[in-house]
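For reference, the chains in residue letters:
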Amino acid sequence: MENKQHDFVIVGAGIVGLSTAYKLSLTYPEASVLVLEKEDRVAAHQTGKNSGVIHSGIYYKPGSYKAKNCFDGRHQLVEFCNEHGVEIDVCGKVIVATNEEELPRLEAIYQRGLENKIEGIAKIDGERLKEIEPHVNGIAAIHVPCAGIVDFAGMCEKLRELIESGNGEVRFGHAVNNIHQHKEGLNIATNQGNVAAKYLINCAGLYCDHVAKSAGVKSPIQIVPFKGEYYELKPDAEYLVNHLIYPLPHKDFPFLGVHFTRMALGGIECGPNAVPVFKREGYDKISFDMDEAIEMINFPGFWKLSFKHWRMGLDEYHRSLSKKAFVKGLQKLIPEVREEHLQVAPSGVRAMALQPNGEILDDFYFESSDRQVHVLNAPSPAATAALAIGDEIVSEVKSAFAL
């Protein structure tokens, strides 16, 4: 073990872990802050493999952590990126109703947006929609001008730079295997040796529950990974999309449906679907890990969720296996899209926190002790909200650690 005891050790160099380390370094500028990351770079998994959307906060239950942190985090994110030269474009998006049956749900989302005080939102008719997105099929929409796109990986690199310009450090290639708490602090066993800490914050994303378990936390929550598969428009078809185009979100499931996203660094993504995958970092069609598969199969919440949503699950798997079916979903929004317009893009995996009864934990969730804070659920819009989540975790740290 190195001789130095760090004041704060953060597990995970995704955007939540780095935002937490950055906010801790601002709050406690004299403190030693260390981020441990098992990969060789920041933003290697959920942060770097999402579609880079700046969410407005229009969908979320008023008063929830999601709603408050998304609103606050979005403003902080835009200010941060503009100040530090991170690629960003607040280009706006449309949420589209394609038939009369969807109009009541569109109205409900609009009213929720008003409750959440989302700036500039407006209901628009099909004619105005055609002016914004000429190729979209829709009879009405909500225009959300404060949504946008950003380079989240670039933002993470800037956060790392700022952390390391103070008393902070980000160490790559350090996988956390075990955490032992004693009277003076914590001993964190990694594949590169032991690290001493006064306090620990677990922001390990897809493996947050494993890290918590290694520290002796007996949480009922388990992460179940869902893979999101994408296509991208070939350059000669990019004219079909100007900004961000979304369908109405699924009424029973926390996914926003296949959509079109203009990317901050160029290109237009189409997707994702959402299928369970038997490997937490399984990005290929045939990804599989025996131990993780057994863990999922043995968790009652996975089966209860599956039985409840089996029909939707079959539809998602159908889209995963059939490009034609995927295109059919996209054509609901843009009828001109054809199979030949699309090429395969990299997939991502999302950490879905499930309870044993099969209910999805759809808001931010921490478990804390006198020296540890475990972030066991940071669902979308965690990337948009990351700086605000960092504030929330610092507040939790002050309370849990009596600082």
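The following paragraphs examine the structure supplied in this document. (Residues numbered from 1 in each chain as written. Predicted model: local features only at pLDDT ≥ 70, side-chain atom pairs only at ≥ 80, totals over all residues. Heavy atoms only, no water.)

Things to note about the nonpolar core
By size, the foremost hydrophobic cluster in this structure holds 44 residues, and its most contacted members are F8, I10, I15, L18, M155, I201 and I393. Put simply, the parts of the chain that give this core at least two residues each are β1 (5-11), α1 (15-27), β2 (33-36), α2 (65-84), α5 (152-164), β12 (193-202), β20 (372-377) and α11 (382-400). When residues of this core are assigned to their parent elements, the largest contribution, 9 residues, is made by α11. If near-sequence neighbours (up to four positions away) are discounted, I201 is found in contact with F8, V9, I10, V11, T20, L24, V373, I393 and V397. (Core = buried A, V, L, I, M, F, W, Y, C linked by side-chain atoms within 4.5 Å. Buried < 20%, exposed > 50% of the residue type's maximum accessible area, 1.4 Å probe, protein only. Helix = DSSP H or I, 4+ residues; strand = E, 2+ residues; numbered from the N terminus. Contact = heavy atoms within 4.5 Å.)

So, the packing of aromatic side chains
Within this structure, the stated rule accounts for 10 aromatic pairs. Considering the side-chain rings of Y22 and F80, the 5.9 Å spacing of their centres and the 75° angle between planes classify their relative orientation as edge-to-face. Taken as a pair, Y22 in helix α1 and F80 in helix α2 lie far apart in primary sequence, 58 residues in all. Residue Y22 shares its accessibility class with F80, and that shared class is buried. Taken together, a centroid distance of 5.3 Å and an interplanar angle of 65° make the contact between F302 and W303 edge-to-face. Judged by relative accessible area, W303 falls into the partly exposed class, the value being 38%. The lysine or arginine in question, K49, covers the ring of Y283, its NZ or CZ lying 4.5 Å from the ring centre. One cation-aromatic arrangement involves K93 over Y246; the distance from NZ or CZ to the ring centre is 4.0 Å. (Phe/Tyr/Trp six-rings, centres within 6.5 Å; stacked < 30°, edge-to-face > 60°. Lys NZ or Arg CZ within 6 Å of the ring centre and 35° of its normal.)

Details of a nonpolar patch on the surface
Among the surface-exposed residues, F288, M290 and I294 lie close enough to one another that they form a single nonpolar patch of about 300 Å² accessible area. Checked against the element boundaries, F288 lands in the loop between β17 (275-276) and α7 (290-297). For F288, a relative accessible area of 45% gives the class partly exposed. (Patch = residues over 30% accessible without salt bridge, like charges linked within 9 Å, V, L, I, M, F, W, Y side chains within 5 Å. Areas by Shrake-Rupley, 256 points an atom, 1.4 Å probe, with all protein chains shown as cover. Salt bridge = Lys/Arg side-chain N within 4 Å of Asp/Glu carboxyl O.)

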